[in-house]
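# Examination of the molecular architecture
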Amino acid sequence: MSNNTSSNTPMTRRRFIYSSALAAGAAALTGPAIAASARKLSANDKMNIGVVGVMGKGSSDMEHCSGENIVAICDVDESGSAGARSKHPKAQFYRDFREMLGKEKSLDAIIVATPDHLHAVIAAMAIKMGKHVYCQKPLTQTVYEARLLRKLAKEYGVATQMGNQGSAEDGLRRAVEVVQAGVIGSVREVHVWSNRPIWPQAMDRPEGEDPVPATFDWDLWLGPAQKRPYKATWPEGTVGNGGKKRRREGGVYHPFVWRGWQDFGTGALGDMACHTANMPFRALKLGYPTEIEAESSGINKESYPLKSKIRFQFPARDGLDPVTFWWYDGGNPRPDTPYSHDGNNKPPEEATAEIRQMMDNVPGSGCLLIGDKGKLFSPDDYGAKFFIKLKEEKELTDGKMHEAVKAVPVTIPRNEFQGDGDKRHHLEWIAACKGGKPGYSDFDIAAYLTEIILLGCVALRVGKKLEWDGPNMKATNAPEAAHFVKRNYRKGWEPK
């Protein structure tokens, strides 16, 4: 399907319909909101779902929702989406999400599994058309977009869910209950770390330009980002972190490797903190921080660094003491890759002594809450399992077995569906679309979590400590941060 809309293209009936659909889509994207409401569904109805971005995570998203009607598939990569289209041969294929939303009148909901920089423009348009939305994490690429989607979801009353599937796990919800019950006392210190990036970072933009494949729409892939030449492969050498020249294998921007680029992704922090910071964010009611300060292995104007350490300072709130929240990424040694680093970027040894005692080392990712009565440690990305150690105890104990945990009442409803955490997370959203209770990671909380996490990306790019005014979404000491809070959108692509 060609998306050539130049003036030399004959205005056939098909072209007229297509152009009209895009015009309607552009109006919904950038114009005033038009009153819309979702179709009323009962528990026995099947939803009509459109999926935008069907490679990678989009493929599993479709699989988890395959009990509903997948009526439309949209991807700018016609070749890469061939597998998804073969699995759903009755679904109409589109390259442009605006055309899909303009023409597929029966859609009840959409799934957004594109690169980060496209999340908000797609989700905002769908919400204003009354569509329920499941959007992969991070919910948005910028702070401004997170605030916007939170507002729109509330205004239009659609069912939403962000794809941080650990939210579906009983263990995560139990950990929230345990912390809020005061088992480990007042928490003033949190450490969260990740083994990401597992993709190239700390590189400059390669020179030159490659031919765009006929089956790939580079302009649509860029979306709200400013135009740049298409590059499929790296040249023999490229300047990376520390000025070293190294050969880089694989693609430059697509697929997957977009995560390391500032114009398209959100680095290791944006990719993983919606998972690993999810539990402490909820348990400690972490609202807006007052300070964010970042240090890194070195950042340029094109990509995120190989590793970073970020401090978020949260004030007292709801009767809780102030909290210092530390984030670490690049904690996984990768000596055999062009983006190698030493991996020595984890919490200090005095904080992790019990973890090393239990596991012989500190895992590549995890979450540690330190209270005045003890510690709570979750050893994975999703918070599905946790361990407790009170001050008088010698070692960490499985949270399911700890006597103090057993005494804590269940106060958070559990996900009632069957399957792995990811599938249960999708099924919870589907139930919400059909009149059930909101998903545990609906945009009201997911956008809040995303907004706060992305402040770390802002601090990295600004290069100095930010004094943050959360309600007004600005750094009082760094007006230059505004450029990273809200991106410079390509004309016609700004969500409103």
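For every chain, the first residue of the written sequence is number 1, and numbering continues from 1 along that sequence. Local features are withheld for residues below a pLDDT of 70 in this predicted model, meaning they are given only at 70 or higher, and side-chain atom pairs are given and counted only at 80 or more; totals for whole chains, interfaces and linings count all residues. Hydrogens and water are ignored here; the side-chain numbers use all heavy atoms of the structure.

## Section: the overall build of the chain
Looking only at helices and strands, one finds 15 helices and 18 strands in the chain. Looking at the chain residue by residue over its 496 residues, the buried ones come to 58%. The way it works is that DSSP assigns letters per residue, a run of H or I at least four long becomes a helix, a run of E at least two long becomes a strand, and they are numbered from the N terminus. Relative accessibility thresholds used throughout: buried, under 20% of the residue-type maximum; exposed, over 50%; partly exposed, between the two (1.4 Å probe, protein chains only).

## Some points on the pattern of salt bridges
When a carboxyl oxygen of Asp or Glu lies within 4 Å of a side-chain nitrogen of Lys or Arg, that pair is called a salt bridge. Applying the stated criterion across every chain, the model contains 33 salt bridges. In this structure, E155 engages K151 in a salt bridge whose closest nitrogen and oxygen atoms are separated by 3.5 Å. Residue E155 and its partner K151 are both found in helix α6 (residues 143–156); the two are separated by four residues, about one turn of the helix. Judged by its relative accessible area of 48%, E155 falls in the partly exposed class. Among the charged side chains, a network of salt bridges with common partners joins K137, R196, R259, D271 and D381.

## Section: the environment of L286
Among the secondary structure elements, L286 is positioned in the loop between α10 (278–283) and β10 (291–296). It is 9.3 Å that separates the C-alpha atoms of L286 and A316, two residues lying 30 residues apart in sequence. It only takes one pair of heavy atoms within 4.5 Å for two residues to be counted as in contact. With sequence-adjacent residues up to four places away left out, L286 is seen in contact with P280, F281, F314, R317, V323, F325 and I452.

## Things to note about the sheet that holds strand β17 (residues 466–469)
Here, any two strands with at least 2 DSSP bridges between them count as paired. Overall, mixed pairing links the 10 strands, which are arranged β16-β15-β14-β13-β7-β12-β11-β10-β17-β18 in an open sheet. The open sheet has two edge strands, β16 (397–398) and β18 (474–475), and neither has a second partner. Sheet analysis places β17 next to β18, joined by two bridges and oriented antiparallel. By the bridge assignment for β18, W468 is matched with A475. An axis is simply a line fitted to the C-alpha atoms; with a helix, the fit covers only the stretch in contact. Between two such axes, the angle follows the N-to-C directions and lies from 0 to 180 degrees. Running at roughly 170° to strand β14 (residues 374–378), helix α7 (residues 170–180) makes contact with β7 (187–193), β13 (366–371), β14 and β15 (387–390) of the sheet.

## A few points about the nonpolar core
If you look at the biggest cluster of nonpolar residues, it comprises 107 residues, and the most contacted ones within it are L369 and L376. When residues in this core are grouped by element, the largest group, 14 residues, is from helix α14 (residues 443–462). The criterion is simple. A nonpolar core is a set of buried Ala, Val, Leu, Ile, Met, Phe, Trp, Tyr and Cys residues joined through side-chain atoms within 4.5 Å.

## Regarding the packing of α6 against α14
Contact geometry of α6 with α14 gives a least axis separation of 8 Å together with a crossing angle of 170°. Considered as vectors, α6 and α14 are oriented roughly antiparallel to each other. Residues V143, A146, R147, L149, R150 and A153 of α6 touch α14, and the partners they reach there are F443, D444, A447, Y448, T450, E451, L454, L455 and V458. Its residues placed into classes, the contact of α6 with α14 shows 10 nonpolar, one polar and four charged. Note on angle classes: values under 35 degrees are labelled roughly parallel, values over 145 roughly antiparallel, values of 65 to 115 roughly perpendicular, and the remainder oblique. Residues are grouped as follows: Ala, Val, Leu, Ile, Met, Phe, Trp, Tyr, Cys and Pro are nonpolar; Asp, Glu, Lys and Arg are charged; all remaining types, including Gly, are polar.

## Notes on the environment of V133
Among the structural elements, V133 can be located in strand β5 (residues 132–135). C-alpha separation for the pair V133 and T160, spaced 27 residues apart in sequence, amounts to 4.9 Å. In contact with V133, not counting residues within four places along its chain, are I110, V112, A123, A126, I127, A159, T160, Q161, W429 and F443.

## Observations concerning the confidence of the model for the chain
Of the residues in the chain, 87% have a pLDDT of 70 or more, and the chain-wide mean is 90. pLDDT: the predictor's confidence for each residue, scored from 0 to 100. A low-confidence stretch, residues 1–21 (pLDDT under 50), is modelled with 25 contacts involving residues beyond four sequence positions or located in other chains. Long-range and interchain partners of residues 30–35, a stretch whose pLDDT sits below 50, account for 10 contacts in this model, where long-range means more than four residues apart.

## Some remarks on the pairing of β7
Among the seven residues of β7, five are classified as buried, and the element is accordingly described as predominantly covered. As paired strands, β7 and β13 are joined by six bridges and run antiparallel to one another. The residue of β13 that forms the bridge with V190 is L369. Note that β7 and strand β12 (residues 323–329) share five bridges and pair parallel. Bridge pairing links V192 to W327 in β12.

## Details of the pairing of strand β4 (residues 109–112)
Residues A109 and I111 point to one face of β4 and I110 and V112 to the other, with burial holding for every one of them. Where strand β1 (residues 48–52) meets β4, four bridges bridge the pair, whose relative direction is parallel. Bridged to I49 within β4 is A109. For the handedness criterion, the β-α-β arrangement of β4, helix α5 (residues 116–128) and β5 is classed as right-handed. Handedness is read with the strands pointing away from the viewer; a crossover is right-handed when the path from the first strand over the helix to the second is clockwise.

## Describing the side chain of Q165
For Q165, the location among the structural elements is in the loop between β6 (160–162) and α7. By relative accessible area, which is 12% here, Q165 ends up buried.

## Quick notes on α5
For α5, a buried count of 13 out of 13 residues is recorded, marking the element as mostly surrounded by other parts of the structure. G130, located one to two residues past α5, shows a positive phi value of around 80°.

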